[in-house]
Amino acid sequence: MALNYTVYQYDGSRNAVVMTDMDGKELVIDCDEAETQVVFDEPEDVGILARLARKEPASYISIAMRPGGLQDYVNVWNEMN
């Protein structure tokens with residue numbers, strides 16, 4: 001029985017979140033590119049997504065892949081705080 005696994009990690013040298021599957025295939029989400037259309041209420045709010053990418057890379061990819069995902073995440077974060 002083969003085990004399927006996926007590894008998620010933040011790569012600070014590229015400012016990217018990398019998902020690697022068991023075959024070595026990578027999905028790379030460039031954080032700068034993914035966040036180009038995100039509008040922040042305050043300039044320091046960019047830290048919201050930076051923290052998500054570093055601490056929860058799987059969540060970052062999941063959210064970034066949804067339509068409106070990163071903007072919606074930032075909007076909800078700002079409403080809660």
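Scroll up to find the structure this text is about.
Rules of the game
- Residue positions are counted from 1 within each chain, in the order its sequence is given.
- Reporting of local features is limited, given that this is a predicted model, to residues whose pLDDT is at least 70; pairs of side-chain atoms are given and counted only at 80 or more, and all residues count toward the totals for whole chains, interfaces and linings.
- As a rule here, side-chain values come from all non-hydrogen atoms in the structure, and water together with hydrogens is ignored.
- A helix here means a DSSP run of H or I that spans at least four residues, while a strand means a run of E at least two residues long, and both kinds are numbered starting from the N terminus.
- Burial here depends on accessible area, computed with a 1.4 Å probe over protein chains only, as a share of the maximum for the residue type. Under 20% is buried, over 50% is exposed, and the range in between is partly exposed.
- Any two residues having at least one pair of non-hydrogen atoms within 4.5 Å are treated as being in contact.
- Strand pairing is assigned whenever DSSP detects at least two bridges linking the two strands.
- With axes taken as lines fitted to C-alpha atoms, and helix axes fitted only over the stretch in contact, angles between N-to-C directions fall between 0 and 180 degrees.
- Here, a salt bridge means any side-chain nitrogen of Lys or Arg that lies within 4 Å of a carboxyl oxygen of Asp or Glu.

## Quick word on the overall build of the protein chain
- Regarding its fold elements, the protein chain presents four helices and three strands.
- Secondary structure elements of the protein chain occur, N-terminal to C-terminal, as β-β-β-α-α-α-α.
- Reported as C-alpha extents along the three principal axes, the dimensions of the protein chain are approximately 50 × 25 × 20 Å.
- A burial count over the protein chain gives 27% of its 81 residues as buried.
- Put simply, of all contacts in the protein chain between residues at least 6 apart along the chain, 39% involve residues at least 24 apart.

## Comments concerning the sheet that holds strand β1 (residues 6–11)
- With antiparallel pairing, three strands are arranged side by side in an open sheet as β1-β2-β3. Looking at which strands have only one partner, the edges of the open sheet turn out to be β1 and β3 (26–30). Shown here is a sheet whose adjacent strand axes are inclined to one another by a mean of 15°, direction ignored.
- Note: strand β2 (residues 16–21) against β3, five bridges, orientation antiparallel. Note that in β3 the partner of T20 across the bridge is E26.

## Description of the pattern of salt bridges
- According to the stated counting rule, one finds one salt bridge in the structure shown.
- R14 is the salt-bridge partner of D11, the closest N and O atoms lying 2.9 Å from each other.
- Taking the relative accessible area as the measure of exposure, R14 reaches 39% and is therefore partly exposed.

## Concerning the pairing of β2
- Where β1 lies against β2, six bridges are found, and the strand directions are antiparallel. Bridge assignment links Y10 to a residue of β2, and that residue is V17.
- Hairpin geometry of β1 and β2 is characterised by an intervening segment of four residues between the two adjacent antiparallel strands and by a positive phi of about 50° at N15.
- Hairpin connection from β2 to β3: four residues lie between these consecutive antiparallel strands, with G24 at a positive phi of about 85°.

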